[in-house]
Amino acid sequence: QVQLVESGGGLVQAGGSLSVSCTASGRRYSTDTAVMVWFRQVPGREREFVAAIGRSALSTYYGKSVKGRFTISRDNAKNTVSLQMNNLKPEDTALYYCAAGTAPNSTPNSYAYWGQGTQVTVSS
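We now turn to the structure provided with this report. (Residues numbered from 1 in each chain as written. Predicted model: local features only at pLDDT ≥ 70, side-chain atom pairs only at ≥ 80, totals over all residues. Heavy atoms only, no water.)

Let us now look at the pairing of strand β3 (residues 18–25). Burial along β3 is one-sided: L18, V20, C22 and A24 are buried, and none of S19, S21, T23 and S25, which face the opposite way, are. Pairing of strand β1 (residues 3–7) with β3, which is carried by five bridges, proceeds in the antiparallel orientation. Its bridge partner lying in β3, S7 is registered against S21. Bridge count for β3 against strand β8 (residues 80–85) is six bridges, and the pairing is antiparallel. Paired with L18 across the strands is M85, a residue of β8. (Buried < 20%, exposed > 50% of the residue type's maximum accessible area, 1.4 Å probe, protein only. Helix = DSSP H or I, 4+ residues; strand = E, 2+ residues; numbered from the N terminus. Pairing = 2+ DSSP bridges.)

On the basis of which strands lie adjacent, the open sheet formed by four strands has the order β1-β3-β8-β7 and antiparallel pairing. Because the sheet does not close on itself, it has two edges, and the strands there are β1 and β7 (70–75). On average, each strand axis in the sheet is inclined to that of its neighbour by 15°, with strand direction left out of account. (Axes fitted to C-alpha atoms, helices over the stretch in contact; angles between N-to-C directions.)

The subject of this paragraph is the pairing of strand β4 (residues 35–41). Counting buried residues in β4 gives six out of seven residues, a clear majority hidden from the surface. Strand direction decides the pairing type here: β4 and strand β5 (residues 48–54), joined by six bridges, are antiparallel. Counted as the bridge partner of W38 is A51 from β5. Pairing analysis gives seven bridges linking β4 to strand β9 (residues 94–101), with the strands arranged antiparallel. Within β9, the residue paired with F39 across the bridge is Y97.

So this is what it looks like as structure tokens:
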């Protein structure tokens, strides 16, 4: 019912900034994307929660490793959620995934809809 497509990944030096975006579409995307979430994953490790935002954008959530550096936002008119990443560190290097659901949750298997991922690489 929902299709998610991420964009904006790339290579950035440590201390720099980068923004990634996710656009949702589908027959019932408005009801199935009440909460939009960013996860990230590196090879050999479990998928890690990064940030989440509710439909009204009044509620946001951040993982401990990124709080204070990353900011999540959404534009409901464009069906888009963005993640502004500042003061990037090499440990932020990962494949970043967008996910959607009906309630906030930091567990990856709680979400049924996922994008293909966009690679973010931070050089030291």
